[in-house]
Amino acid sequence: MNAPGRQDTFRSDFRVVGTSPVRPDGIDKVTGKALYGPDFVAPGMLAGAILRSPHPHARIRAIDTRAAEALAGVKAVVTGRDFPQASADEIAIGEAEGNAADLAHNCMAQGKVLYEGHAVAAVAATTREIAEAALRLIVVDYELLPHVTGLEEALLPGAPVLHEGLLTKGCKPAEAKPNAAARQALNRGDPAAALAGAAKVVSRRFVTAPVHQGYIEPHACVALWNTDGQAQIWASSQGHFMIRELTAAILQIPQANIRVTPLEIGGGFGGKTKVYLEPVAMLLSRKAGRPVRLTMSRGEVFRATGPAPGSIIDIRLGAQADGTLAGVEMEFWYNCGAFPGGDALYGVTMAVGHYRLADADITGWDVLSNMPSTAAYRAPGAPQTTFAVESCIDELAQQLGLDPLEMRLKNAVRQGDPGLFGLPHGNVGYIECLEAAKAHPHWTAPLKPGEGRGIAGGLWMNYGGPSTAQVSVADDGSVLVTEGSPDIGGSRASMAIMAAETLGLPYDKVRVTIADTSSIGYSMVTGGSRTTFATGRAVIAAAEGALAELVKRAALIWGVEADEVAWQDGMARCSTGDHAGETLTLAAIAAQAGVTGGPISAEASLNAQGWLPGFAVHICDTAVDTETGHVAITRYTAVQDVGRAIHRDYVEGQLQGGATQGIGWALNEAYLWNAAGLMDNAGFLDYRVPVASDLPMIDTVLVEVPNPHHPYGVKGVGEAPIVPPLAAVANSVSRATGVRMQQLPLAPDRVFAAVNAARG
Amino acid sequence: MSKLHVTTTVNGDPAEFLCDPGATLLDALRGNLGLTGTKEGCGSGDCGACTVVLDGEMVCACLVLAAEAEGRSVRTIEGVAEGSELHPIQRQFLEHAGLQCGFCTPGFIVAAKALLERNPDPSETEVRYWLAGNLCRCTGYDKIVRAVMAAAAELRQDTAALKGVPA
């Protein structure tokens, strides 16, 4: 749907944009031909395996690898000592920040192991069986240290300290705590006074568990590092340039020496924005002189790759009798795992970013503990604080006797309001989303007895950043787009649509290649909901460059000036002289490229600015079985301002997938650590992600409030859909049961206990 | 340890390989036979990415020993299309955008085909329960279920039902 009153600010006469053609990589992916991370084979390849710590916290006194090295078939053994001393200077790691020294230490323990599953040594051998047998011959002398996995426990005086001498970022020394990695704060207005003057104030504590991105493809790579210093890596990831950058930083080699070829990626959701295996495979390869493959098992994925942080959130939120929000005070703690670099910043930024709330005091802490180092997970940091805020708004609406949707409408940000980082909001669409939710039949549909309906809003900032694309015209008039953003959910199709739209060509005249790092200029990771916006802008700019060249060539053919040639419907049209009114098709111009100046090709490298946040509103109906505590999702609608949907089906798919991951976060998913600090549920049987029979269809409404900083209005869609579901589900369950649900997941035992405690 | 010699049939063609006694059918398909369309997501029978059909029964290839394929017939994702002609389930997955990353897709398609061979006219609920052993983390299942329903209608040549499946 178009946002009322906004269509006229932006063109909508598209030919290809907004359609849903079959993706160019489709046949390979439905026939099993597409090569993913674990599928690639290099000639002479060795099988690698990684020895991982069985302890959550221990000092490594010594590692004896002699027996492993002596085993027939073993070609290389690597430990932390093989890693160069990397820099502690801060660098971008996917969507987060950190430093190469910590990242190297996360790839392989150096001095201490900091979580169960922390890599300690690695072997490359002629077969996987020999590599695994060699691991069993490695003797590690551990000095066990006390561990801590709980958030609150990690902050207690006397808690085991992960990194001695670590300074708390963003903190006065007096406020620093041993395991606090960073403090992030937002302070504006006078929340204490606002809350004192509020008609109602709710004061609550919310708790969420660490959850995993749960991509179905485990991490995998093949690396080959020759003695001349040149290397190749074949891997699936959210950014092969990221692999190049981080591997080079860890191993301290020039980036140009590493050529990374992207393999198809089997899901990431933020979790494949940093390296785990690649530097290890590189070191093994350098020692062995042969390509080395490393793959993770599902257990390794759970134990050793980034989950999203669990949280404890204390909040006081006030409102006037008419529902106007009046002051918020929040302090929250996220566990960032074994290394600094967490999500508290975004938790602070997004918490109340969708509301006009002049008086706010929000402090977030990243807290270290003996769990794997967290990684981005779809809108990192936003779902947890939004869960708290949106739950409190729901409760305030109940206490004040207000409609929860109307209360949100009353407070929603609009264009010109102060934005997330102080500058005024641009063309934002939260109001439009709320209005669309209000108009949706779901919102007013009758509920069955025992059912409840919850609503929640939220936002993600989205991002732009650096991308490169090339558009070249073959001499038969077909067009090639070459870019560097891994296709994680149909982006080849979106790029082809945008190039075809720009050039006035049919969709299937444009073919898209995602090139390796040595074949195209830099692009940042596929993350931050940036690819269709930023790489899309690079593709459009490159297509416009090719188009300008096509016009120039047509002018040359006709013997006129370039400004006397127009481009219409995929053809050049002469407006003057003897050839006035004549047309030349793209194919006709391309056929003469050899005599008009050579190949027709254009490249665009840009740092895309002007991204706008995406807002979402979700409506969730649940039926709660009070006998068992089981919660069934009976109806679900996801509304989102997407700016402009380039490929409608894949945009809807982002909303449906994000909502479902959020439902899993709300209902089932949690890391469970036992008293020994070991993960008790490192598999898909016991870490339960939603399955098909858990869910109804997920209805979607695409609100289109276009972004003027993208030629077709794109805002980015991937992350916002996971922000509202935690509260939408919990609010629904609260309304179904009459009991406020403040701790996730809403597993049957927890719901059963809460409902029965309330009944007395 | 000596290897076992296994003679089997894969997608209708004779196949043989040597394997360790502990090797899984998944290892043999992906490693020995180079059929990497069958994916490993968990190795414990929980995700369905390695779904194949063994003598007509849907199984997780990671839970079957390679040696158990001796004398039997295995059908994988590579055998779903008839040559270059996509099976209606494959085509409907594309038409309905029933995949995002595509990693779980081979398992879903093999499982969906097994469903439609038993039940040509499944309800939405029957589709959801049949596919409950296949994990997809990208799509929220909505478009997968629609694709399977559309493929069922196409295979039944039920044009009314086909039109009734929302795009």
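Here, the structure is the one placed above.
The rules behind these values
- Residues numbered from 1 in each chain as written.
- Chains lettered and ligands numbered in written order.
- Predicted model: local features only at pLDDT ≥ 70, side-chain atom pairs only at ≥ 80, totals over all residues.
- Helix = DSSP H or I, 4+ residues; strand = E, 2+ residues; numbered from the N terminus.
- Rg over C-alpha atoms; globule rule 2.2 N^0.38 Å.
- Buried ≥ 20, exposed ≤ 12 C-beta atoms within 10 Å, placed from the backbone.
- Contact = placed C-beta atoms within 7 Å.
- Pairing = 2+ DSSP bridges.
- Axes fitted to C-alpha atoms, helices over the stretch in contact; angles between N-to-C directions.
- Core = buried A, V, L, I, M, F, W, Y, C linked by C-beta atoms within 7 Å.
- Nonpolar A, V, L, I, M, F, W, Y, C, P; charged D, E, K, R; others polar.
- Arc of directions from axis to C-beta.
- Parallel < 35°, antiparallel > 145°, perpendicular 65-115°, else oblique.
- Left-handed = near helix turned anticlockwise from the far one by under 90°.

K.L.:
Tell me about the overall build of chain A, residues and numbers included.
P.N.:
Counting its regular elements, chain A contains 21 helices and 30 strands. Scaling as 2.2 N^0.38, a compact globule of 760 residues should have a C-alpha radius of gyration of about 27 Å, and chain A matches this with 27 Å. With respect to the three principal axes, the spread of C-alpha positions in chain A is 90 × 75 × 50 Å. Among the 760 residues that make up chain A, the fraction classed as buried is 62%. Long-range pairs, those at least 24 residues apart, make up 80% of the contacts in chain A between residues at least 6 apart in sequence.

K.L.:
Go over the environment of A:Leu672, please, and point to the residues and values.
P.N.:
All names here are of chain A. Looking at the element boundaries, Leu 672 is found in the loop between α19 (648-667) and β30 (698-703). C-alpha of Leu 672 to C-alpha of Thr 385: the two residues are 287 residues apart in sequence and 21 Å apart in space. When near neighbours in sequence (up to four residues on either side) are disregarded, Leu 672 contacts Met 679, Asp 680 and Asn 681.

K.L.:
Tell me what's going on with the sheet that holds strand β13 (residues 231-235) of chain A, and back it up with residues and numbers.
P.N.:
Residues and elements named next belong to chain A. Here we have seven strands laid out as an open sheet, ordered β3-β7-β1-β15-β12-β13-β14, and mixed in their pairing. The sheet terminates laterally at β3 (74-79) and β14 (258-262), the two strands that pair on one side only. Going across the sheet, the axis of each strand differs from the next one's by a mean of 20°, ignoring polarity. In this fold helix α8 (residues 278-288) packs onto β1 (46-52), β3, β7 (119-125), β12 (220-225), β13 and β15 (292-295), with an angle of close to 35° to the strand it touches most, β12.

K.L.:
Outline the nonpolar core, supporting the account with residue identities and numerical values.
P.N.:
Residues and elements named next belong to chain A. By size, the foremost hydrophobic cluster in this structure holds 316 residues, and its most contacted members are Val 123, Val 280 and Ala 499. Counting residues per element, this core draws most heavily on helix α16 (residues 531-558), which supplies 15 residues. Once you skip the residues sitting within four places of it in the chain, Val 123 turns out to touch Gly 48, Ala 49, Ala 68, Val 74, Val 77, Ala 131, Ala 134 and Leu 135.

K.L.:
Pulling in residues and values, what's your account of the pairing of strand β2 (residues 58-64) of chain A?
P.N.:
Residue and element names in this part refer to chain A. Pairing between β2 and strand β6 (residues 112-113): two bridges, direction antiparallel. Across the sheet, the residue bridging to Arg 59 is Lys 112, located in β6. Note that β2 and strand β8 (residues 139-144) share six bridges and pair antiparallel. Bridge pairing in β8 places Ala 62 opposite Asp 141.

K.L.:
Before we move on, can you summarise the interface of chain A and chain B with the specific residues and values?
P.N.:
Contacts between the two partners involve 45 residues from chain A, matched on the other side by 43 residues from chain B. Every element with two or more residues in the side of chain A that touches chain B is listed here: α1 (26-30) and α19 of chain A. Among the elements that make up the side of chain A that touches chain B, the one with the highest residue count is α19(A) (eight residues). Its residues assigned to classes, the side of chain A that touches chain B comprises 20 nonpolar, 17 polar and eight charged.

K.L.:
So what's going on with helix α4 (residues 128-137) of chain A? Which residues, and what values?
P.N.:
Since there are 3.6 residues in each turn of an α-helix, residues three or four apart along the chain are aligned in direction. Residues of α4(A) that are buried: A:Ile130, A:Ala131, A:Ala134 and A:Leu135. What you see down the axis of α4(A) is that its buried residues fit within an arc of 145°, all on one side.

K.L.:
Help me get a handle on the packing of α19(A) against helix α20 (residues 725-737) of chain A, residues and values and all.
P.N.:
Axes are the key here: two packed helices are described by the angle between their axes and the distance separating the axes. Residues and elements named next belong to chain A. Taken N-terminus to C-terminus, the directions of α19 and α20 make an angle of 55°; their axes are 8 Å apart at the nearest point. When the axis of α19 is compared with that of α20, the two are oblique. Relative to α20, the crossing made by α19 is right-handed. For the pair formed by α19 and α20, the contact residues are Ala 659, Gly 662, Ile 663, Trp 665, Ala 666 and Leu 667 on the first element and Pro 725, Leu 726, Val 729 and Ala 730 on the second. Its residues assigned to classes, the contact of α19 with α20 shows nine nonpolar, one polar and no charged.

K.L.:
Any details on the sheet that holds strand β24 (residues 565-568) of chain A? Residues and values, ideally.
P.N.:
Residues and elements named next belong to chain A. Taken in spatial order, the three strands of this open sheet run β24-β25-β26, and their pairing is antiparallel. Two strands close off the open sheet at either side, each with one partner strand: β24 and β26 (583-585). Geometrically, the sheet is characterised by an average inter-axis angle of 25° between neighbouring strands, direction not taken into account. Helix-sheet contacts for α16 involve β24, β25 (571-574) and β26, and the interaxial angle to β24 is about 130°.

K.L.:
Please set out the packing of helix α2 (residues 88-95) of chain B against helix α3 (residues 105-118) of chain B residue by residue, giving values where relevant.
P.N.:
All names here are of chain B. Following both chains from N to C, one finds α2 and α3 inclined at 130°, their axes separated by 10 Å at the closest point. Classified by the angle their axes make, α2 and α3 are oblique. Considering the relative orientation of α2 and α3, their crossing is right-handed. Mapping the contact onto sequence places Ile 89, Gln 90 and Phe 93 in α2 and Thr 105, Ile 109, Ala 112 and Lys 113 in α3. Among the residues making up the contact of α2 with α3, the classes are represented as four nonpolar, two polar and one charged.

Scope: geometric values only; no functional claims are made or implied.
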